[in-house]
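# Breakdown of the fold
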Amino acid sequence: MSHTLGIRQAQKQKTRQAFLDAALGLLEEQSLSSLGLREVTRAVGVAPTAFYRHFRSTADLGVALVDEALGSLHPMVRTTVSMPGQERITHAVRLIADHVAAHPSHVRFIARERHGGVQPVREAIRAQLARFAEEVRAELAKDPEAQGWNDDDLLMLAHLYVDQMLITASLFLETLESEESSEAERQRVAQVANRQLRLISLGRQHWLD
């Protein structure tokens, strides 16, 4: 009996993932607010009623995509921020570049829907980014430079880092999408990102002056 339940659960998870993959593909050329339920079920090859066994609505599907796109990044971000000084910045930029190259559709989805027309998805993205900022703040608080800083200012600094990482991801995505892009252009984006993050770090050193 348990074996049968295990097979059914695996099949259910497989179908759910098929919905996520199909939606992500369809969202390459449109926003979530314009995505039709029948478009998704047609792409998966199931009846429209099957959709509701996995998601309440396309907004619910979008929230699941947010979790898929950002949820797995938390351990990597915490590890990166725990590194010292310039090593932290260099690793962060490399992490962003590698993630964009491996998951451009996810990055494009987040960039488009962060200020898109589907409120639950905007809120889910905002919640994930707020969680990133809290995690970055917790790691920054361990730095010797954090002595004398209050939590609000550390959180403000963390948001600056998170926002800059999002900007960098968008710039790396543009290099992937441009027909004229080259490795030299990607290197230029990496160099600028390193300098911008370093500027934030240098400003931090003088905040309490």
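Residues numbered from 1 in each chain as written. Predicted model: local features only at pLDDT ≥ 70, side-chain atom pairs only at ≥ 80, totals over all residues. Heavy atoms only, no water.

## A closer look at a nonpolar patch on the surface
A cluster of nonpolar side chains, Met-156, Trp-207 and Leu-208, forms an exposed patch at the surface whose accessible area comes to about 310 Å². Assignment of secondary structure puts Met-156 in helix H9 (residues 151-177). (Patch = residues over 30% accessible without salt bridge, like charges linked within 9 Å, V, L, I, M, F, W, Y side chains within 5 Å. Areas by Shrake-Rupley, 256 points an atom, 1.4 Å probe, with all protein chains shown as cover. Salt bridge = Lys/Arg side-chain N within 4 Å of Asp/Glu carboxyl O. Helix = DSSP H or I, 4+ residues; strand = E, 2+ residues; numbered from the N terminus.)

## Details of the side chain of Arg-108
Mapped onto the elements of the fold, Arg-108 is located in helix H7 (residues 104-113). Using a relative accessible area of 16% as the deciding quantity, one classes Arg-108 as buried. In this structure the side chain of Arg-108 is engaged in a polar contact, spanning 2.4 Å, whose partner is the side chain of Glu-28. Beyond its immediate sequence surroundings of up to four residues, Arg-108 is in contact with Glu-28, Leu-173 and Glu-177. (Buried < 20%, exposed > 50% of the residue type's maximum accessible area, 1.4 Å probe, protein only. Polar contact = N/O pair within 3.5 Å; in protein donor to acceptor, adjacent residues only side chain to side chain. Contact = heavy atoms within 4.5 Å.)

## A look at the pattern of salt bridges
Within this structure, the stated rule accounts for 12 salt bridges. Between Arg-114 and Asp-163 there is a salt bridge whose closest N-O contact spans 3.6 Å. Of the two residues, Arg-114 is situated in the loop between H7 and helix H8 (119-140) and Asp-163 in helix H9; the sequence distance between them amounts to 49 residues. A relative accessible area of 29% means that Arg-114 is categorised as partly exposed.

## Re the packing of aromatic side chains
Summed over all chains, the structure comprises five aromatic pairs. Geometrically, the ring pair formed by Phe-51 and Tyr-52 is edge-to-face, given 5.6 Å between the ring centres and 85 degrees between the ring planes. Among the residues examined, Phe-51 registers a relative accessible area of 0% and is labelled buried. Residue class for Tyr-52 comes out exposed when judged on its relative accessible area of 51%. Pairing Trp-149 with Trp-207 gives two aromatic rings, centres 6.3 Å apart and planes at 35 degrees, and the pair type is tilted. With Trp-149 in the loop between H8 and H9 and Trp-207 in the segment after helix H10 (183-205), this pair connects stretches of sequence that are 58 residues apart. (Phe/Tyr/Trp six-rings, centres within 6.5 Å; stacked < 30°, edge-to-face > 60°.)

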